[in-house]
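Results of the structural survey
The lines below spell out each chain.
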There are 2 protein chains.
Amino acid sequence: MVGQDSLINRVKKTIKKYALLKPKSRILIGVSGGPDSICLLHILNQLKDEYKLQLFAFHLNHQLRGKESDEDEKFVKQFCQKLKIPCQIKRAKVRKYAKQKKLSLEQAAREVRYQLLEQTRKRLRCDGIALGHNANDNAETVILNLVRGTGLTGLCGIPPIRDRIIRPLLEIERDEIMQYLINNKLTYRVDKTNRNPKIPRNFIRTKIIPQLKKLNPRLIETISKLSNILRQEDSYLNGLTDNVIEQIRKERSKPGITLDNKLFLSYNLALRRRVLKSLLPTLGYDKIEQILKMSEEKTVGTIQLTKDLFARQEYDRIYLGKKVPIPINQAIPIPIGKSSLIKDMGIEIEVKLKSKIDLNSVKVDKNTEVFDYSELAPPFYLRYRRPGDRFIPFGGQEKKLKEVLIDDKIPRRVRLCLPLFCDTKGILWILGGRRSARAPITPKTKRFLLVRIKQWKDQTPRTV
Amino acid sequence: MVGQDSLINRVKKTIKKYALLKPKSRILIGVSGGPDSICLLHILNQLKDEYKLQLFAFHLNHQLRGKESDEDEKFVKQFCQKLKIPCQIKRAKVRKYAKQKKLSLEQAAREVRYQLLEQTRKRLRCDGIALGHNANDNAETVILNLVRGTGLTGLCGIPPIRDRIIRPLLEIERDEIMQYLINNKLTYRVDKTNRNPKIPRNFIRTKIIPQLKKLNPRLIETISKLSNILRQEDSYLNGLTDNVIEQIRKERSKPGITLDNKLFLSYNLALRRRVLKSLLPTLGYDKIEQILKMSEEKTVGTIQLTKDLFARQEYDRIYLGKKVPIPINQAIPIPIGKSSLIKDMGIEIEVKLKSKIDLNSVKVDKNTEVFDYSELAPPFYLRYRRPGDRFIPFGGQEKKLKEVLIDDKIPRRVRLCLPLFCDTKGILWILGGRRSARAPITPKTKRFLLVRIKQWKDQTPRTV
């Protein structure tokens, strides 16, 4: 057990170690009225001059425990008045929010609390939000995450600092906080729902931790040190992961993500798992393993990850993305003599008919093709491929369109939403790719059909 | 619950996933007679043909439970006979070993078991040792390590393969093993000490895990997956750590280790902690933190780590090493005209007197000095520094020897075991460093004293 002075000094050590406070900061303190937040408020109030702090308090009345909630509110108000700290009171309909968002009451209360804290911080132009989490809360979180399933990140527990939130009591144990309150004759409110063992965290606190303490009386401190080590290792690995993502992510793959699988495989398995977990944070262990296996075995195929999400591997690439509606199946008429913008295909195309053309001045590139108009069967269309499409590549023999695309190593998801320029007899040009052998320009050509892609936005893959 | 076929298939998956077995291997199976090892033996026997295995069994009679131990031995013998697997029986005096080594009975039994297993493996020229650890054992280890204090490594649980040891049942739960035994009408021996809740592992198994399963019925599987992730991350970080150690470790610092602190600080904190933990594996969290802090703050000083071990920082170096006896305090006489090997100082020195010397042909380098013999006061000595030593550096003024060495940035631990070449009047040469202003060579010099270091092994630091 540690006395008052010593506790303040230990809080100061935590503040220094994690650089929690800059001098002259404006700090908003979340105060429930329970032991932790009362202790935090009292200690920060004592450090106010030394750190040149401006303190504000925030209390959220969750209105979950009727009269008791109101008495908590009153208690916090009075305590802040005594310390002359301005206090913001908010009320929230947590029950309603929980219903709307389909959350447990605890989870809903948490979300509402953090949202309102951040709103209030902004309004008061505060630099940070101080919360009263202690070393026991941290140990409970670690054990809870271990039990429920987590990677390294979950075992890191509660961070002492994240974004605007700081937790100066994070290395102090609950017993020490209680002793501090006694020494300073401070009263606090007791939330009886904290004892309900049906809430998992309470179960860990009341049933598991006392048992584990029989094996190691310094359990809370032990886990606190563990968290400290793991947080650094986790954050280091996160940094490496971000670098890898930057390296292996291919351009032009919105709205999904395309990874270069050869490069991906050049990284350590631990990093590869983290890359996937970082890109697809909601995914469970088994799905991540499946993608890793597909990548390692270089299997061409698709893994359904969730209802919407899929992973697809083809031609040394892994595509991670959303399944979206089937492609438009109709053909879009393309008039001659003007620009047509087809929003659904993300394409703007211009078709011109010319009687004379200087072939040297027309830049025939990926975005331009020219046909002998006399050989064509207008009107012209733009459409996606259809089953049974056939195609005569320039200089080649007639084939299934599918085979042509496969020969050209066009990834499946691109094949399915590749616009085709057609006349009534068939496909003339695979946009951005091969043209048909039909209607070639010859010395006899008198009327030239000039087709030009003016704009082409990378399109959502329509399906897998 | 999983049936027989399915269990074998799952074991095969584990074997494949971690590459546990090569075809045609000779495998020694550790068999206690309990459910796990009986299941393992039975399954490997079924996989024998498919994997072309040669199986051997090993049983250690710990002789800790009198008649019961002997019955276990008999049971294992008979079971192996039935399967026609050659069985090696060993007996060990675990109680005696525990006393000698001051270990708990469990720890002693474990050490003896692993030693004898490895001996037997070598004798039978086996490729691997298969042990029956299951997913529950792994979960128990993870929780036990979490409670007792560990870094990431402890949370990795039991490795499926390490050196020669393989654990094909590591991803199978105890319940499934029991079901397999029932399905196959296999009997097994029960070790009643496994129920003693005073043994921490048993406490975790019987008191903690059943409680945690209320929060997550798939706890064992959950922890198994966690271990798998953490093992990969841990092994990745270990690889990086080894690379860092190679980079920052300075040459010529045996028997301790000298690190380049500038370079050390250029690495991430997580790696720095791992470097120290890897170099000083027995050290606890707080000591490692102290070294990290010393390194970060570039404080010159010494940290006592254990009774023998210390860490010392000076001149951008961190020295980690053992405290060894105080330096020899006497002076070693060095005769003229021959080579003297002073083993304690790790030095071989040659002193010659010459009447004529071609100064151009004598290479005066770090290993050689020349004095005017007429100015000297023989006999000559080699000794370490003593408190109050004074010195006139060549071309300088008389000073405390200590100050001269500090000015020259000689690290403290080197200062303490730096041999000094002296005559009866004082120090003539700091070996490998400055010479005294006394007895310079002049045009009048007629007799030259030539001192040459023939061999100089880097010496143990004598003290801090």
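All residue numbers here refer to positions counted from 1 along the written sequence of the relevant chain. The naming scheme follows written order: chains are lettered A onward, ligands numbered 1 onward. Totals for whole chains, interfaces and linings use every residue, but because this is a predicted model, local features are given only for residues with pLDDT of at least 70 and side-chain atom pairs only at 80 or more, for both listing and counting. The side-chain quantities take in all heavy atoms of the structure and omit both hydrogens and water.

For the purposes of this entry, the term helix denotes a DSSP run of H or I that reaches at least four residues, the term strand denotes a run of E that reaches at least two, and both are numbered from the N terminus. Broken down by element type, chain A carries 15 helices and 20 strands. Across its three principal directions, the C-alpha atoms of chain A cover 105 × 45 × 40 Å. Each residue is placed in one exposure class: buried if its accessible area under a 1.4 Å probe, protein chains only, is under 20% of its type's maximum, exposed if it is over 50%, and partly exposed if it falls in between. Going through the 464 residues of chain A one by one, you find that 51% of them count as buried. Residue contacts are defined here by distance: any two heavy atoms, one from each residue, within 4.5 Å place the two residues in contact. Look at the contacts in chain A between residues 6 or more apart in sequence, and 69% of them connect residues 24 or more apart. Per-residue and other accessible areas were derived by the Shrake-Rupley procedure at a 1.4 Å probe size, with only the shown protein chains allowed to occlude residues. Looking at chain A as shown, the accessible area adds up to about 23700 Å², and 49% of this sits on carbon and sulfur atoms. Of the charged side chains in chain A, 94 are positive and 50 negative; the average position of the first set lies 4 Å away from that of the second. Think of it this way: Lys and Arg go in the positive column, Asp and Glu in the negative one, and His and the chain ends go nowhere. Charged side chains are reduced to one point each, which is NZ for Lys, CZ for Arg, CG for Asp and CD for Glu.

Every contact between the two is made by 43 residues of chain B and, on the other side, 43 residues of chain A. Buried surface at the junction of chain B and chain A, both sides included, amounts to about 3900 Å², of which 71% is carbon and sulfur. The working definition used for a salt bridge is a side-chain nitrogen of Lys or Arg within 4 Å of a carboxyl oxygen of Asp or Glu. Across the contact surface, chain B and chain A share four salt bridges. Residue K225 of chain A pairs with D286 of chain B through a salt bridge whose shortest N-O separation is 3.2 Å. Any N or O atom pair separated by 3.5 Å or less is treated as a polar contact, with the protein-specific requirement of one donor-capable and one acceptor-capable atom, and with residues adjacent in sequence counted only for side-chain atom pairs. Linking chain B with chain A are ten residue pairs in polar contact (both at pLDDT 80 or more), by the criterion used here. Those elements that place two or more of their residues in the side of chain B that touches chain A are α6 (135-148), α7 (152-155), α9 (200-215), α10 (219-248), α12 (269-279) and α13 (285-297) of chain B. As a working definition, buried area equals the accessible area (1.4 Å probe) given up by two parts on being put together, with both sides summed.

Attention now goes to the confidence of the model for chain A. Residue-level confidence of the predictor is what pLDDT reports, using numbers from 0 through 100. Put simply, chain A has an average pLDDT of 89, and 93% of its residues get 70 or more. Note that residues 460-464 of chain A has pLDDT below 50 and, in this model, 26 contacts with residues that lie over four places away or in other chains.

This next bit is on the domain arrangement of chain A. In this document the domain limits rely on a domain assignment from an automatic tool or a database. You can read the domains of chain A as domain 1 (4-231), domain 2 (249-322) and domain 3 (332-456). Its C-alpha centre places domain 1 of chain A at a distance of 38 Å from the equivalent point of domain 2 of chain A.

All names here are of chain A. Put simply, two rings from Phe, Tyr or Trp (the six-membered ring, in Trp's case) pair if the centres are within 6.5 Å, and we call them stacked under 30 degrees between planes, edge-to-face over 60, tilted for the rest. One pass over the structure, following the stated rule, counts eight aromatic pairs over all chains. A centroid spacing of 6.3 Å and a plane angle of 55° characterise the contact between Y373 and F380, whose relative ring orientation is tilted. For the pair Y373 and F380, one class covers both residues: buried. Here F380 and F421 contribute two aromatic rings whose centre-to-centre distance is 5.5 Å and whose plane-to-plane angle is 15°, an arrangement assigned as stacked. Of the two residues, F380 sits in strand β15 (residues 380-383) while F421 sits in strand β18 (residues 420-423), which places them 41 residues apart along the sequence. Overall, the relative accessible area of 1% leaves F380 in the buried class.

Residue and element names in this part refer to chain A. Turning to helix α8 (residues 174-183), its buried residues are R174, E176, I177, Y180 and L181. Considered in projection along α8, the buried side chains sweep an arc of 160° and stay on one side of the axis. Once α8 ends, the next one or two residues include K185, with phi positive near 50°. As used here, the arc belongs to the directions running from the helix axis to the C-beta atoms.

All names here are of chain A. Spatially, the four strands line up as an open sheet ordered β7-β10-β9-β8, and their pairing is antiparallel. Edge positions in the sheet fall to β7 (257-260) and β8 (301-304), since each has one partner strand and no second. Strand-to-strand twist in this sheet, taken as the mean axis angle between neighbours without regard to direction, amounts to 15°. We treat two strands as partners when DSSP finds at least two bridges between them. The pairing of β7 with strand β10 (residues 317-322) spans four bridges and is antiparallel. Its bridge partner lying in β10, T258 is registered against Y319. Here an axis means a line fitted to C-alpha atoms, over the contact stretch when the element is a helix, while the angle between two N-to-C directions is reported on a 0 to 180 degree scale.

Attention now goes to the relation of the copies chain B and chain A. Relative to chain A, chain B is turned by 180° and slid 0.0 Å along the rotation axis, the superposed coordinates differing by an RMSD of 0.2 Å. On the angle and the small slide along the axis, the relation comes out as a two-fold axis. Proximity to the rotation axis, assessed at the C-alpha, singles out I208 of chain B in chain B; its C-alpha lies 3.4 Å from the axis. Residue by residue, 100% of the interface of chain B is reproduced at the interface of chain A, so both copies engage with the same surface. What sets the superposition is a least-squares fit of C-alpha atoms, and only residues with pLDDT of at least 70 in both copies go into it.

This part takes up the packing of helix α6 (residues 135-148) of chain A against α6 of chain B. Running from N to C, α6 of chain A and α6 of chain B cross one another at 170°; their axes reach a closest spacing of 12 Å. Classified by the angle their axes make, α6 of chain A and α6 of chain B are roughly antiparallel. Contacts between α6 of chain A and α6 of chain B involve V142, I143 and L146 of chain A from the first element and V142, I143 and L146 of chain B from the second. Classifying every residue of the contact of α6 of chain A with α6 of chain B by side-chain character gives six nonpolar, no polar and no charged. These descriptions rest on fixed angle ranges, namely under 35 degrees for roughly parallel, over 145 for roughly antiparallel, 65 to 115 for roughly perpendicular, and the rest for oblique. In the scheme used here, Gly and all other residues not listed as nonpolar or charged are polar, with Ala, Val, Leu, Ile, Met, Phe, Trp, Tyr, Cys and Pro taken as nonpolar and Asp, Glu, Lys and Arg as charged.

On to the nonpolar core. Core analysis: the biggest nonpolar cluster contains 92 residues, and L259, I291 and L320 of chain A together with L259, I291 and L320 of chain B have the highest contact counts within it. Ignoring anything within four residues of it in the chain, the contact list for L259 of chain B reads I248, R249, K250, F264, L276, L279, D316, R317, I318 and L320 of chain B. We define the nonpolar core as a collection of buried residues of types Ala, Val, Leu, Ile, Met, Phe, Trp, Tyr and Cys that are connected through side-chain atoms lying within 4.5 Å of one another.

All names here are of chain A. Strand order in the open sheet formed by four strands is β11-β15-β18-β19, with antiparallel pairing between adjacent strands. If you trace the sheet from one side to the other, it starts and ends with β11 (332-334) and β19 (426-430), each paired once. Averaged over all neighbouring strand pairs, the angle between strand axes comes to 35°, with direction disregarded. Pairing analysis gives four bridges linking β18 to β19, with the strands arranged antiparallel. Across the sheet, residue C422 finds its bridge partner in β19, namely I427.

The next thing to look at is the side chain of N138 of chain A. One can find N138 of chain A in helix α6. A distance of 2.9 Å separates the side chain of N138 of chain A from the side chain of S227 of chain A, its partner in a polar contact.

Before going further, it helps to examine the UniProt feature "binding site: ATP" (unreviewed entry) in chain A. Residue and element names in this part refer to chain A. UniProt positions are given in the numbering used here, feature names are shortened, and annotations may be inferred rather than shown by experiment. Listed under "binding site: ATP" (unreviewed entry) in the UniProt record, and renumbered for this structure, are S32, G33, G34, P35, D36 and S37. Examined against the element boundaries, G33 turns out to sit in the loop between β1 (26-30) and α2 (35-51). Note on G33: relative accessible area 0%, which makes it buried. Contact partners of G33, with chain neighbours within four places excluded, come to I38, F75, V76, Y188 and R189. By relative accessible area, D36 is classed as buried at 17%.

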